[in-house]
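Spelled out, the chains give:
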Amino acid sequence: MFRVVYAAIPAGKPNPTWVSTSGLPPPSDFLYVMFPTDDTVPLCNGPGGAQVSVIQRALTNSQQEINTGGWVQVQDPRGVRWVQLSRLDYTPPPNANLDYFAAFVAAYKARAPGELRDAKLEFHSDAKGVTTARLHVRQENHRQDYVYDVSSGRATPREMYSVFGPGEALADAGRFAAALCSAAGFVMLVSVGSFLRTRAARG
């Protein structure tokens, strides 16, 4: 009974730290996932420098980097590399042979092996051809969520959330307690009803 009630109570949604309807510009640290446009996009040793390899993973780029344009940094085990922003896109290249986002997650975790890190990306496309992306990035007890729309090669930010782990746990604890009380109350009512029926039958 507890499981039924717990599932029926909706989980609380964190309050956004920014929404597009606020009229405020998106925060400079709003993140987008970006992919190489094909499997030949070069990684260089500096902006406009010599090519050292090709990019083989997705990146997360900030609103500030998008606004600045030009070249963006790429964290690489062999040192800082650079890639042209114009050679990146907000969706994976068609018929890609690599899972670029999985490679990004592996690199993100490898940067701090002792930390709890993870990332998830979800895409949903509507009938009008607009793709909504939801990026979840977790680092220890913190999680950042970014929601943006992609259409005709352009991204439009919609929402940003910043969730502190213990606070999220406390919110879920309240949901747990409500479900427990509801289930206990239901069981008590059933027990009392059964007792009264048994007593009436004996009387």
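What you see as residue numbers is a count from 1 along each chain, following the sequence as written. The predicted origin of the model limits local features to residues at a pLDDT of at least 70 and limits the giving and counting of side-chain atom pairs to 80 or more, whereas totals for whole chains, interfaces and linings rest on all residues. In computing side-chain properties, one takes all heavy atoms of the structure into account and sets aside hydrogens as well as water.

Participant: Quick question: what am I supposed to make of the sheet that holds strand 2 (residues 31–36) here?
Facilitator: The strand order 5-2-8 describes an open sheet built from three strands, whose pairing is antiparallel. Each edge of the open sheet carries a strand with a single partner, namely strand 5 (59–62) and strand 8 (88–89). Here strand 2 pairs with strand 5 via four bridges, running antiparallel. Bridge pairing links Y32 to N61 in strand 5. DSSP calls a pair of strands paired once it identifies at least 2 bridges connecting them. A helix here means a DSSP run of H or I that spans at least four residues, while a strand means a run of E at least two residues long, and both kinds are numbered starting from the N terminus.

Participant: I would appreciate a short explanation of helix 3 (residues 100–110) in the present structure.
Facilitator: The periodicity of an α-helix, 3.6 residues per turn, causes residues three or four places apart in sequence to face the same way. Partly exposed residues are those whose accessible area sits between 20% and 50% of the maximum for their type, while under 20% is buried and over 50% is exposed, using a 1.4 Å probe and protein chains only. Taken residue by residue, helix 3 has Y100, F101, F104, V105 and Y108 as its buried positions. Taken down its axis, helix 3 places every buried residue within 140° of arc, on the same side. Taken together, the buried residues of helix 3 touch strand 2, strand 5, strand 9 (117–125) and strand 10 (131–139). Along the arc lie the directions from the helix axis toward the C-beta atoms. Whether two residues are in contact is decided by their heavy atoms: any pair within 4.5 Å suffices.

Participant: Quick question: what am I supposed to make of the packing of aromatic side chains here?
Facilitator: What characterises a pair of aromatic rings is the spacing of the ring centres plus the angle enclosed by the ring planes. Side-chain rings of Phe, Tyr and Trp (the six-membered ring for Trp) are treated as a pair once their centres are within 6.5 Å; stacked means planes under 30 degrees apart, edge-to-face means over 60, and tilted covers the remaining angles. Enumeration according to the criterion identifies eight aromatic pairs in this entry. Geometrically, the ring pair formed by F30 and Y32 is tilted, given 5.0 Å between the ring centres and 50° between the ring planes. No difference in accessibility class separates F30 from Y32, as the two residues are buried. With a centroid separation of 5.9 Å and an interplanar angle of 15°, the aromatic rings of F104 and Y108 are classed as stacked. Highlighted residues: F104 and Y108, both in helix 3, separated by four residues, approximately one helical turn. Here F104 matches Y108 in class, with each residue buried. Grouped by ring-pair contacts, the aromatic residues W18, F30, Y32, Y90, Y146 and Y148 constitute a single cluster. Charges are assigned to positions over rings by a cutoff of 6 Å between ring centre and Lys NZ or Arg CZ, combined with an angular limit of 35 degrees from the ring normal. Across from the ring centre of Y108, 4.6 Å away, lies the NZ or CZ of R117, which sits over that ring.

Remember that the coordinates give geometry; whether it matters functionally is a separate question.
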